[in-house]
Each structure stands twice: as structure tokens, then as C-alpha cells.
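# Coordinates in review
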Amino acid sequence: KHILPEKSGIRLVAQAHIFLIRIDEKRVLSRCTLCNTILETRTKRSAEGKVPEKVFENNDKFWFCKKCDKYYWKGSHYEKIINKIEEIKRKTIQQ
């Protein structure tokens, strides 16, 4: 039986190592974070008025969940996820 550390980042590293999880950052924006439905690519035009104005101005690619009626884009949250994945990969390789 494995006991995982309390901190979530360390816990993710431990789980990746224990279960030999392969993390593919290309798939980060492929599923809805709320319902896990596969996201659809949407045009910038379709996101107009449905995302914050600054988000619309600063992004050209958008994804959409039909089930939740929610738009996604590569913002700061996406960057944090990618950075965490890279950190987990580095720590997993070191072990």
C-alpha cells in the first residue's frame, strides 16, 4: 500500500511515478474540466460576446463544451497547468 504525500504537486508526482502515468500536454485542452466532455474547436468569431472582452482580444483559438455551454482558451490557467505538467515530468524522471 502506498501512502501519498499531502501536497498536491508532490502527490501528483508520486501518482505518476507509482502508476507510470504518461502526461500529454497536447491533450490539456481536449476535455471540459466540469463534465469531461470532449471539447470542440470554435472560431474566434463564435466566442465574441461570450468570453471577457480582453480574452477575446488576446486569443485566436477557443474551445467549447456543448454540454456545459462553456468556452475555454489558452490563458494563465492553461499556462499553470502546462508548467505543473513539466514539473511533474521532471520530478518523475529524476526518481
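Now for a description of the structure that goes with this document. (Residues numbered from 1 in each chain as written. Predicted model: local features only at pLDDT ≥ 70, side-chain atom pairs only at ≥ 80, totals over all residues. Heavy atoms only, no water.)

### So, the state of the cysteines
- Evaluated as defined, the whole model comprises 0 disulfides.
- The thiol of C65 is not disulfide-bonded; the next cysteine sulfur, from C35, is found 3.6 Å away.
- Unpaired in this structure, C68 has its nearest cysteine sulfur neighbour in C35, at a distance of 3.6 Å. (Disulfide = S-S within 2.5 Å.)

### Digging into unusual backbone geometry
- We note that N36 has phi near 70 degrees; this positive angle belongs to a residue other than glycine.
- Along the chain, N36 turns up in the loop between α1 (8-19) and β1 (40-42).
- Looking at N36, the relative accessible area reads 47%, which means it is partly exposed.
- One non-glycine residue, D69, lies in positive phi territory at about 60 degrees.
- Residue position: D69 is located in the loop between β2 (62-65) and β3 (70-72).
- For D69, a relative accessible area of 60% gives the class exposed. (Helix = DSSP H or I, 4+ residues; strand = E, 2+ residues; numbered from the N terminus. Buried < 20%, exposed > 50% of the residue type's maximum accessible area, 1.4 Å probe, protein only.)

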